[in-house]
Amino acid sequence: MFAHMLVLGLALMAAGTSWAQTPPKPIKMVVLGDSLSAGLGLPASAAFPVRLQNSLKNKGIEVDMINAGVSGDTSSGGRDRLDWSVPEGTEAVIVELGANDALRGIDPKVTRSALTDILTRLKARGIAVLLCGMYAPPNYGSDYASRFNAIYPELAKSFGVPLYPFFLEGVATEAKLNQADGMHPTAEGVDMIVRNILPTVQAFLGAISGQRS
């Protein structure tokens, strides 16, 4: 009897070790954005979601990534395609929208409303969100810029989601990191964006992993 129990105990211990060594399932993530994440002017392998996924993998973090960037999209456009851009089973969304709103001088109230709707609907689905901020260009004046720039930190605080203050940090003013249009990053520019945002994304995904256990 004792021998039988000993064998059973060893078998359970071995099974427990096997379970402990099972790698976690990749986190299902979507980058919901515009041309800055779609990778306009770049090969698909150089787009932000792909480079981010590779960098996360190098850190031992596995994600199933969907690039839901659509060139030319405004925040309202992202809202209108939200349901089919973010499939069932998605656990995390990086929202990178608003650059085209600012370039076109769209009323900040419209941008705020669209982003609010996106965050509300993702929250209702139990999907974690990392919100990426954008700054308005100076050509529409300081009043427009202050109203637009305030959208992101205020929504992040209101919804309790992490904020990466400026998606193009370290890239926007560096000519060598932008394509000829001066607005879209080169492959090297994308790599800079990834390096800068990576700690924020790691913390974001770490919180999701912690909620899984």
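Bear in mind the structure is a predicted one, so any value in this text is a computation, not a measurement.

Digging into the pairing of strand β3 (residues 92-96)
Along β3, five of the five residues are buried, which leaves the element largely enclosed by surrounding structure. Along β3, one buried face is formed by Ala 92, Ile 94 and Glu 96 and the opposite face, lined by Val 93 and Val 95, is buried too. Sheet topology note: the strand β1 (residues 27-33)/β3 ladder contains five bridges and is parallel. The residue of β3 that forms the bridge with Leu 32 is Val 95. Sheet topology note: the β3/strand β4 (residues 128-132) ladder contains four bridges and is parallel. Its bridge partner being in β4, Ile 94 is matched across the sheet by Leu 130.

Here we look at the side chain of Asn 100
On the secondary structure map, Asn 100 appears in helix α6 (residues 99-103). Looking at Asn 100, the relative accessible area reads 11%, which means it is buried. When near neighbours in sequence (up to four residues on either side) are disregarded, Asn 100 contacts Asp 34, Gly 72, Asp 73 and Thr 74.

Re the packing of aromatic side chains
Tallied over the entire structure, the rule returns five aromatic pairs. Ring centres of Tyr 140 and Tyr 144 lie 5.3 Å apart, and the angle between their planes is 45 degrees; this geometry places the pair in the tilted category. Plain terms: the ring middles of Phe 148 and Tyr 152 are 5.8 Å apart, the flat faces sit at 65 degrees to each other, and that makes the pair edge-to-face. Ring-pair connections join several aromatic residues into one group, and the members of that group are Tyr 140, Tyr 144, Phe 148 and Tyr 152.

Thresholds applied
- Within each chain, residue numbers correspond to sequence positions counted from 1 in written order.
- Local features are withheld for residues below a pLDDT of 70 in this predicted model, meaning they are given only at 70 or higher, and side-chain atom pairs are given and counted only at 80 or more; totals for whole chains, interfaces and linings count all residues.
- For side-chain calculations, the full set of non-hydrogen atoms in the structure is used, while hydrogens and water are omitted.
- Using a 1.4 Å probe on the protein chains alone, a residue whose accessible area is under 20% of its type maximum counts as buried, one over 50% counts as exposed, and one in between counts as partly exposed.
- Labels follow the DSSP assignment, with helices taken as runs of H or I lasting at least four residues and strands as runs of E lasting at least two, numbered in each case from the N terminus.
- When DSSP finds two or more bridges between two strands, those strands count as paired.
- Contact criterion: two residues are considered in contact whenever any of their non-hydrogen atoms come within 4.5 Å of each other.
- Under the pairing criterion, centres of Phe, Tyr and Trp rings, with the six-membered ring standing for Trp, must be within 6.5 Å; the plane angle then separates stacked pairs below 30 degrees from edge-to-face pairs above 60, leaving the rest tilted.

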